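# Descriptive analysis of the structure
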Amino acid sequence: METTSNSSSQSIREGRIQKLTDLIDLGINPYPYTFDKTANAQTLQDKYKDLESNVETQDVYSVAGRIMAIRNTGMFIDLMDSTGKIQIFSHKQNLDDNKMKLLKLLDVGDIVGFTGTIRRTPRGELSIKTTDLKLLSKALLPLPEKFHGLSDVEIRYRQRYLDMIVNPEVRETFKKRSLIIQKIREFLAKDGFMEVETPTLQTMASGANARPFRTHHNTLEMDLTLRIALELYLKRLIVGGVSERVYEIGKCFRNEGIDTRHNPEFTMIELYQAYADYNDMMTLTENLVAFVAQEVLGTTKIKYGDNEIDLTPPWDRKTMLGSIKEATGVDFLQVYSAKEARELAKSINVYVDESLNWGEVVEAVFEEKIEPGLIQPCHIIDYPREISPLAKVHRDNERLVERFETRVNGWEIANAFSELSDPIDQRHRFEAQAAAKAQGNEEAMEIDEDFITALEYAMPPTGGMGLGIDRLVMLLTNSPSIRDVIAFPTMRQINK
C-alpha cells in the first residue's frame, strides 16, 4: 500500500495534538457528548434531487459525519456519514470569528457537525451553507492518502474500521450482510419457525466432524469446548416440544485451517422441523435463498466472479454416487470393501489415504471430480452412511443416508438430513465415531450420552438443515474471500 510513512504519520499526529491544544485554548471541547443531528446525507440528496443549480433554499438542517476532503482552506468540505456524502460550504460571511478559527483547525478524518441551509452550487453540487459548526471528535491519525486509498489486504482486515472509512463498497457489504440476516429471520418467522438460543460452551464437541477449541472453567473445575455446531441442542428442543419448528443463528468455532472459505469463528443457521424429511428441507433451502436474494438484490439471477448463477427454484437434484458415475463411469455401489473402493478411486486417478473407509473414499472422489463443476445451485443427495453419523438411514438403501449438501459456485453452502431419531442406531454411530477418535481422528465425534437419553424419550420424524451465513453473504455480495464478509476475521498475531 502506498500511503503515509510511519515517520510522516507521526509528524502529522504531533501537529494534530498541537491543534488539540489550540482548540482547548479556544474553549472548545474536542470530544463533546452529543449533537442534535436532524438529517443524513442520502436523505437530503434524495429530497433535493430536483433542486436546480444556483438555487438556495431557506431549509435548515444539521448533519454530522467524517471529513473526507477539505478544499480552499475549508470553504468546501466533503462530509461522509453512514449513508453517503454531502458537500459543506463554509464562508466567513456566515460564520463568526470563533467558528472561523475552529474551521481552520479541522483536518481530514475529524468528525464534525454542521448546521445550515440547503443550496445547489452553480456546478450542480448539493451543499449545506454553514451557519454553525461543532467539532465532535478530533482525529489524531491521518487517513490513507486520497489517491492511493487502503489497498493492503492485511491492513484492511486488521484495521477494519479504517477499511470501512475509506472504502464505501466495504460498508455496503456489511450493510447487505445485516439485511441478509434480517431477511432470513423474516422468511422463517412467516414459515412458523421459533428463534432460540443454545449453549456456546459445551462439555463435548458434537454435531459435526471438526476439531474444537478447548478451554477450562476454573470454578466448576471442568474442561469445556466452544461449540462446533448447533445441532444437538436444537434437536433436544424438538424432543422437548417447545415448537415443531426451531432455528438458531449463532457463532460456531472450529480449530481448523484458514482459507478463502474458512475462518475459525463463523456464523451459521441451523433449523429443525418436526414431521418433515430431507425432501422438505431441499424445498425450504432453495426457497429461503431465493427469497433472500430477491429481497436484498432485487433478483434471483446473480453474478459471482465470471459466473452467472440462477437461484430461481426449483434447483437440480443429483445423487452423490450417480454424479460420480455420470462423470467418471465408475459405480462405487458395485464395491463393498474399503480396499475395493480405494482401488476404484485409483483407477480414475484419485489417490486416497489407506486409512479411509468406503464412504470416505466416495466423498474424496466426489470432492475432486465433481464438486468444482457445480456452479449452478444443486442439491447433492444420498450420502454414504459411514460419513453421516446424525442422518437417518436411506429408506431404499441401507448403505446410504437421507442427507443432502447444497452446492453453489462449487461450494457447499448447506447440509441437511432426515434426522436420525432411533436412539439405538444413534449410539452405534457415536460408538463408531469414538473408535475413529481413539485411532487418531481428531475431528470424530464423542458419545453424547445426554443426547441419546433425549432421543430415548422419542423425537418425532424431523428434517434439519444447516446453512453457512458467511458463504451466503459471499455469494450475494460477490466477495472473493470469507474475510471480506466477516467484520473482524481471525488473523495471525504480529510480533511486536
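Refer to the preceding data block for the structure.
Here is a short report on the structure shown in this document. Please read all numbers here as calculations on a predicted model, not as lab measurements. (Residues numbered from 1 in each chain as written. Predicted model: local features only at pLDDT ≥ 70, side-chain atom pairs only at ≥ 80, totals over all residues. Heavy atoms only, no water.)

## Some words on the nonpolar core
Ranked by size, the top nonpolar core spans 45 residues in total, and within it Ile324, Phe332, Trp358 and Val365 carry the most contacts. Examining the composition of this core, we find that five residues originate from one element, helix α11 (residues 358-369), more than from any other. Each residue touching Val365, except ones within four places of it in the same chain, is listed here: Ile324, Phe332, Ala345, Ile348, Val350 and Ile370. (Core = buried A, V, L, I, M, F, W, Y, C linked by side-chain atoms within 4.5 Å. Buried < 20%, exposed > 50% of the residue type's maximum accessible area, 1.4 Å probe, protein only. Helix = DSSP H or I, 4+ residues; strand = E, 2+ residues; numbered from the N terminus. Contact = heavy atoms within 4.5 Å.)

## Quick look at unusual backbone geometry
The omega torsion of the bond from Pro313 to Pro314 falls at 0°, within 30 degrees of zero and hence cis. Its place among the elements puts Pro314 in the loop between β13 (307-310) and β14 (316-319). One non-glycine residue, Glu221, lies in the positive phi region at around 50°. On the secondary structure map, Glu221 appears in the loop between β8 (214-217) and β9 (222-226). Even without being a glycine, Asn349 presents a positive backbone phi close to 65°. Within the secondary structure, Asn349 sits in the loop between α10 (338-347) and α11.

## Topic: the packing of aromatic side chains
This model, assessed by the stated rule, comprises five aromatic pairs. Between the aromatic rings of Phe187 and Phe291, the centroid separation amounts to 5.5 Å while the plane-to-plane angle is 45°, which identifies the pairing as tilted. Taken together, the positions of Phe187 in helix α6 (residues 168-190) and Phe291 in helix α8 (residues 278-297) put the pair 104 residues apart, joining distant regions of the chain. Phe187 sits in the buried class, given a relative accessible area of 15%. The positively charged end of Arg399 is found above the aromatic ring belonging to Trp358, 4.1 Å away from the centroid. (Phe/Tyr/Trp six-rings, centres within 6.5 Å; stacked < 30°, edge-to-face > 60°. Lys NZ or Arg CZ within 6 Å of the ring centre and 35° of its normal.)

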